[in-house]
Amino acid sequence: MARHEIEDHVRKVVLQEDEELARRHADNVETLSRLDADRRQAQDDARAARAKIEADLAKHRQRRDEAERSAADLQVQLGIEQERFAAYKSTVEQEKQLMEINYRRLTDLLTEKGNRLVALGLADAEDVAALMPEMTGPEDERSGVGFTDALAGDYARLAPLLQSRLAEAGLLYSRAQLRDFLALLRTRDLIVLAGDSGSGKTSLVRAAAAAIGGVCTVIPVKPNWTGPEDLLGYYNPIERSYQATPFLLALQAAARSPHVPHFICLDEMNLARVEHYFADFLSLLESRSTSPEIHLYTADEERHVVVEQGIFLAVDAEARRRTGLPDTATLEEILRHDQANAELHRLGGLADNESVLVHHTRLRRSLAAQLRMPTSLILPENVWILGAVNMDDTTHQLSPKVLDRVQVLRFRNPMLADWDAIEREIRDVASTLASVTASLRMMPHELGQRADYPAFDRSDVNVAFLLHIARQYLDPLGVEFGLRAVRQSQGYIDAATAAGIGSDEALDNVVKHKILPKIAFDSARPAGNGRSRRELLMDLSAELGKRFENAGLDPDTSSVADLERMIKFAEGNNGIVNYWLR
């Protein structure tokens with residue numbers, strides 16, 4: 001039994017060992033199989049990675065080859081361009097030398113002819129000097145610090161500085177008003193400053209021009225102005241000279257100093273009907289891509305003067321040649337020389353009783369007129385034209401044609417201004433402007449350049465809102481608001497952004513500049529869609545209020561407040577709604 005038990009135990013142990021060996025063998029076979037699969041997968045991955053690397057290398061080699069070919073082509077092109085540049089430089093040098101030669105010849109000719117004109121008393125030395133061509137433009141002789149150095153060229157920082165400088169001169173304007181004014185300057189549109197007498201319209205123009213190193217010319221408008229000649233002057237055929245006006249002389253002064261901004265302000269612009277004396281100029285200002293040319297009188301008169309002067313100089317030269325007088329001989333010396341005087345009469349076809357002096361006086365008058373007033377004048381790029389209007393019984397309303405082409409900036413009574421708030425605005429930025437102690441010297445292009453209005457863009461949210469207002473309210477009310485006005489508004493919003501005005505405030509200003517000034521009608525009459533005009537105005541007010549609900553606008557000066565005042569005033573004016581009504 002013991003043996004049997006031992007043998008049975010041994011068999012069990014052997015069986016267990018066999019089972020363990022079998023299990024281990026199976027595990028080893030499975031592990032070997034898995035390792036073999038992993039090895040095969042690793043080999044496949046390695047082959048794929050190698051293929052990818054080889055493909056990438058091939059692409060890199062291709063790109064390298066293309067880059068090398070491109071570099072070679074560029075090198076060849078560079079050589080060609082260098083040869084072209086050298087040829088162009090040589091051509092420029094030759095043309096420069098030729099221009100210098102022609103310039104010297106022209107200068108010598110003008111000097112010779114000019115000296116002769118001065119010697120004969122036909123022209124003054126300063127008028128002749130003004131004809132001399134200049135190879136370089138006039139230098140900017142203004143003192144002060146440049147816009148870039150003072151404010152880093154940031155147009156948005158100009159309003160606080162301007163506000164501070166005006167306050168030093170005793171003039172208080174809110175920063176929002178100055179930003180609006182600067183944005184309007186940047187549009188290069190005709191700006192109409194509206195407000196009561198003494199509200200600071202022309203004072204702002206003068207002070208702003210002085211603060212930026214510019215020039216301001218105020219032109220008082222007379223009630224008897226009826227045509228463009230009152231603004232630009234006219235040619236007098238009897239005196240054979242052009243009768244210039246202060247406005248035209250201001251344009252000429254601006255043309256002589258292109259580095260200096262010139263503000264020309266038509267004071268009391270609506271004492272005469274603006275569309276009568278300013279219509280031609282308004283049409284000229286519509287040219288935005290190029291500087292408009294102002295034609296003053298026909299060029300035939302200029303040619304007549306040139307021919308007459310040329311004939312007289314030829315006769316003078318021949319008379320001096322025959323009598324041996326020098327080129328420096330004056331008219332007095334010729335007249336005192338009997339032979340030269342006789343030759344001058346004979347060659348000039350003058351009768352014995354016809355005085356040379358009378359002929360000379362006529363020639364001098366006509367030549368002086370031509371030298372001082374050209375037949376046409378290009379509107380200088382450094383000119384801003386503004387108008388100041390005051391609506392009362394002595395003035396005229398601005399017509400829709402005028403309002404469609406201008407930007408209206410209305411001034412409130414300065415006695416209603418929050419002076420404490422304005423002084424706080426000045427104190428808040430005093431530390432940031434402490435370093436700008438010198439006077440500011442701005443260039444015209446830094447204030448804004450003439451350019452076409454932005455292209456009409458219906459996808460723009462502001463444009464879409466203006467179109468909605470025009471369709472739903474303005475057209476039924478009979479208020480014109482067309483494509484030009486929309487593009488003008490886009491241009492203003494772009495300029496307002498540069499001046500530091502937010503989008504909502506800029507759109508609100510558009511309503512005040514371009515829409516509200518056109519509202520003038522009897523609200524009791526039905527609108528174009530049959531509804532009451534008063535109801536339409538109230539709906540428009542609600543629409544504007546909804547649009548600017550969270551814009552943070554001044555509740556006293558917003559377009560909504562202005563429109564509500566217009567509706568309220570109409571109740572005491574027999575239902576007549578008028579933006580200009582007080």
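This report concerns the structure included in the present document. (Residues numbered from 1 in each chain as written. Predicted model: local features only at pLDDT ≥ 70, side-chain atom pairs only at ≥ 80, totals over all residues. Heavy atoms only, no water.)

With respect to the overall build of the protein chain
Put simply, the rule is: Counting from the N terminus, the helices are the DSSP runs of H or I reaching at least four residues and the strands are the DSSP runs of E reaching at least two. We compute the radius of gyration over the C-alpha atoms and compare it with the globule rule, which gives 2.2 Å times the number of residues raised to the power 0.38. Residue exposure (1.4 Å probe, protein chains only): buried if accessible area is under 20% of the type maximum, exposed if over 50%, otherwise partly exposed. Any two residues whose heavy atoms approach within 4.5 Å are treated as being in contact. Working definition of accessibility: Shrake-Rupley area with a 1.4 Å probe, residue cover restricted to the visible protein chains. Only four residue types enter the tally: Lys and Arg on the positive side, Asp and Glu on the negative side; His and the chain ends are excluded. Charge positions come from single atoms, namely NZ of Lys, CZ of Arg, CG of Asp or CD of Glu.
On a plain count of helices and strands, the protein chain comes out with 22 helices and 13 strands. At 41 Å, the protein chain has a C-alpha radius of gyration far larger than the 25 Å of a compact globule built from 582 residues. Counting only C-alpha atoms, the protein chain reaches 180 × 80 × 50 Å along its principal axes. Put simply, the protein chain has 582 residues, and 39% of those count as buried. Pairs at least 24 residues apart make up 77% of the contacts formed inside the protein chain by residues separated by at least 6 positions. Working note: accessible area of the protein chain is about 32400 Å², and carbon and sulfur atoms make up 52% of it. Here the protein chain holds 71 positive side-chain charges and 90 negative ones, and the gap between their average locations is 1 Å.

A look at the sheet that holds strand S3 (residues 215-220)
Definition in use: DSSP bridges decide pairing: two strands pair if at least two such bridges lie between them. An axis is simply a line fitted to the C-alpha atoms; with a helix, the fit covers only the stretch in contact. Between two such axes, the angle follows the N-to-C directions and lies from 0 to 180 degrees.
Taken together, the five strands give an open sheet; going across it, the order is S3-S6-S9-S2-S10, and neighbouring strands pair in parallel fashion. Each of the sheet's edge strands pairs with one partner strand only, and the pair in question is S3 and strand S10 (406-410). Each neighbouring strand pair of the sheet contributes to a mean axis angle of 25°, computed without reference to strand direction. Two strands pair when backbone bridges link them, and strand S2 (residues 190-194) and S10 are joined in this way by five bridges, in the parallel orientation. The residue bridging Ala194 from the neighbouring strand is Arg410, located in S10. Along the sheet, helix H5 (residues 175-187) contacts S2, strand S6 (262-267), strand S9 (383-389) and S10; its crossing angle with S10, the most-contacted strand, is approximately 165°. Against the sheet, helix H8 (residues 246-256) makes contact with S3, S6 and S9, and its axis sits at roughly 170° relative to S6, the strand it touches most.

Concerning the environment of Glu93
Tracing the backbone shows Glu93 in helix H1 (residues 2-119). Separated by 377 residues in sequence, Glu93 and Ala470 have C-alpha atoms that sit 59 Å apart.

Brief notes about the pattern of salt bridges
Rule in force here: We count a salt bridge whenever a side-chain nitrogen from Lys or Arg sits within 4 Å of a carboxyl oxygen from Asp or Glu.
Inspection of every chain in the model, using the stated rule, returns 32 salt bridges. Among the ionic pairs, Arg273 bridges to Glu275, the shortest N-O distance being 3.9 Å. Note on Arg273: relative accessible area 36%, which makes it partly exposed. The partner of Arg322 in a salt bridge is Glu343, with the nearest N and O atoms 3.2 Å apart. Here Arg322 is found in helix H11 (residues 299-323), whereas its partner Glu343 is found in helix H13 (residues 338-348), with 21 residues between them in sequence. Via salt bridges that share partners, Glu286, Asp404, Arg405, Arg484 and Lys518 belong to a single interconnected network.

Side note on the packing of helix H21 (residues 533-547) against helix H22 (residues 559-571)
Inclusion rule: Comment on the angle field: the value is read as roughly parallel under 35 degrees, roughly antiparallel over 145, roughly perpendicular from 65 to 115, and oblique elsewhere. In this scheme the crossing of two helices becomes right-handed for a clockwise turn of the near helix relative to the far one and left-handed for an anticlockwise turn of less than a right angle. Amino acid classes used here: Ala, Val, Leu, Ile, Met, Phe, Trp, Tyr, Cys and Pro are nonpolar; Asp, Glu, Lys and Arg are charged; the rest, including Gly, are polar.
The interhelical angle for the contact between H21 and H22, taken along N-to-C directions, is 160°, at an axis separation of 9 Å. Judged by the inter-axis angle, H21 sits roughly antiparallel to H22. Both H21 and H22 take part in a crossing whose hand is left-handed. Here Arg534, Leu537, Met538, Leu540, Ser541, Leu544 and Gly545 of H21 come into contact with H22, specifically with Ser559, Val560, Leu563, Glu564, Ile567 and Glu571. Counted by class, the contact of H21 with H22 contains seven nonpolar, three polar and three charged residues.

Thoughts on the environment of Leu331
Mapped onto the secondary structure, Leu331 falls in helix H12 (residues 331-336). Residue classification places Leu331 among the buried positions, given a relative accessible area of 8%. Those residues in contact with Leu331, other than ones at most four positions away along the chain, are Ala119, Leu120, Leu357 and His360.

Quick notes on the environment of Ser199
Note the following rule: As used in this structure description, the phrase polar contact means that two N or O atoms lie within 3.5 Å; if the pair is within protein, one of them must be able to donate a hydrogen and the other to accept it, and residues adjacent in sequence are counted only when both atoms belong to side chains.
Its place among the elements puts Ser199 in the loop between S2 and helix H6 (201-211). Expressed as a C-alpha distance, the spacing of Ser199 and Asn390, which sit 191 residues apart in the sequence, is 9.9 Å. Those residues in contact with Ser199 that lie beyond four places of it in its chain are Phe411, Arg412 and Pro414. Among the polar contacts made by the side chain of Ser199, one reaches the main-chain carbonyl oxygen of Asp196 at a distance of 2.6 Å.

Regarding the nonpolar core
Among soluble globular proteins, nonpolar side chains are generally buried collectively. So the rule is basically this: For the purposes of this section, nonpolar cores are sets of buried Ala, Val, Leu, Ile, Met, Phe, Trp, Tyr and Cys residues that join through side-chain atoms within 4.5 Å.
Counting 118 residues, the largest nonpolar core has Phe247, Phe263, Phe278 and Phe281 as the members making the most contacts within it. Examining the composition of this core, we find that nine residues originate from one element, helix H18 (residues 461-477), more than from any other. Each residue touching Phe281, except ones within four places of it in the same chain, is listed here: Leu231, Leu232, Phe247, Ile294, Leu379 and Ile385. Counting 19 residues, the second largest nonpolar core, distinct from the first, contains Leu122, Leu325, Ala329 and Leu331.

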